[in-house]
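Fold and geometry: a report
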Amino acid sequence: MGARVMLEQAQLVGLAGAAAAALVAEMTKESWASMRSLAARFFRRGGQEEEERQLVRLDADQAQAATLDPAALRERWNRRLLTLVEDFPEAAEELAAMARRKPEEPQSGVNQTAENNTGSVIQIGRDNSGSLNTERR
């Protein structure tokens with residue numbers, strides 16, 4: 001095995017490990033749907049049958065994620081991801097996208113507040129929260 005092939009294999013192993021960790025970390029979070037979409041794109045490289053088969057497995061693990069050992073789940077998905085990317089090297093781009101997801105990163109959104117105001121408050125955005133106090137002090 002040449003040095004280049006060994007390096008590529010080592011990179012794939014690292015990517016698969018990082019992607020599996022991100023996948024498992026998001027199983028119990030509200031951001032799960034977007035991670036599942038990334039995984040579906042990755043699995044689609046193996047064809048529709050492979051995508052459906054892996055998504056059934058993924059959904060089953062996600063439904064039980066709170067009761068399963070995270071290390072065992074990471075290992076399971078690491079093996080599955082690595083096997084697929086070895087069979088379909090063109091899937092490495094999607095694998096890298098999953099690996100780049102940082103579980104600790106908050107999902108983007110807007111959080112606006114308006115508190116202790118005595119005048120008009122206008123908030124524009126999707127996620128508005130706060131209160132308007134119109135009482136005189």
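Residues numbered from 1 in each chain as written. Predicted model: local features only at pLDDT ≥ 70, side-chain atom pairs only at ≥ 80, totals over all residues. Heavy atoms only, no water.

Okay, the nonpolar core next. F42, F43, L58, W77, L81 and M98 are the most contacted members of the largest nonpolar core, which totals 29 residues. Where this core is concerned, the elements lending two or more residues are α1 (3-26), α2 (32-44), α3 (48-63), α4 (70-87) and α5 (92-100). (Core = buried A, V, L, I, M, F, W, Y, C linked by side-chain atoms within 4.5 Å. Buried < 20%, exposed > 50% of the residue type's maximum accessible area, 1.4 Å probe, protein only. Helix = DSSP H or I, 4+ residues; strand = E, 2+ residues; numbered from the N terminus.)

Turning to the pattern of salt bridges, a few remarks are in order. Taken as a whole and judged by the stated rule, the model has 8 salt bridges. Notably, a salt bridge pairs R101 with E26, separated by 2.8 Å at the nearest N-O pair. Within this pair, whereas R101 is found in the segment after α5, its partner E26 is found in helix α1, the two being separated by 75 residues in sequence. With a closest N to O distance of 3.1 Å, R44 and E51 form a salt bridge. Using a relative accessible area of 12% as the deciding quantity, one classes E51 as buried. Look at the salt bridges and you will find they share partners, linking D61, R76 and R80 into a network. (Salt bridge = Lys/Arg side-chain N within 4 Å of Asp/Glu carboxyl O.)

What follows deals with the packing of α2 against α5. In the contact formed by α2 and α5, the axes pass within 8 Å of each other and the chain directions differ by 160°. Here α5 runs roughly antiparallel to α2, going by the angle between their axes. Crossing geometry of α2 relative to α5 is assigned as left-handed. On α5, the residues touching M35, L38, A39, R41 and F42 of α2 are E94, L95, A97 and M98. (Axes fitted to C-alpha atoms, helices over the stretch in contact; angles between N-to-C directions. Parallel < 35°, antiparallel > 145°, perpendicular 65-115°, else oblique. Left-handed = near helix turned anticlockwise from the far one by under 90°. Contact = heavy atoms within 4.5 Å.)

On to the confidence of the model for the protein chain, then. Per-residue confidence for the protein chain averages 80 on the pLDDT scale, and 69% of its residues sit at or above 70. The model gives residues 105-110 a pLDDT under 50, and that stretch makes 4 contacts with residues more than four places away or in other chains. (pLDDT = per-residue confidence, 0-100.)

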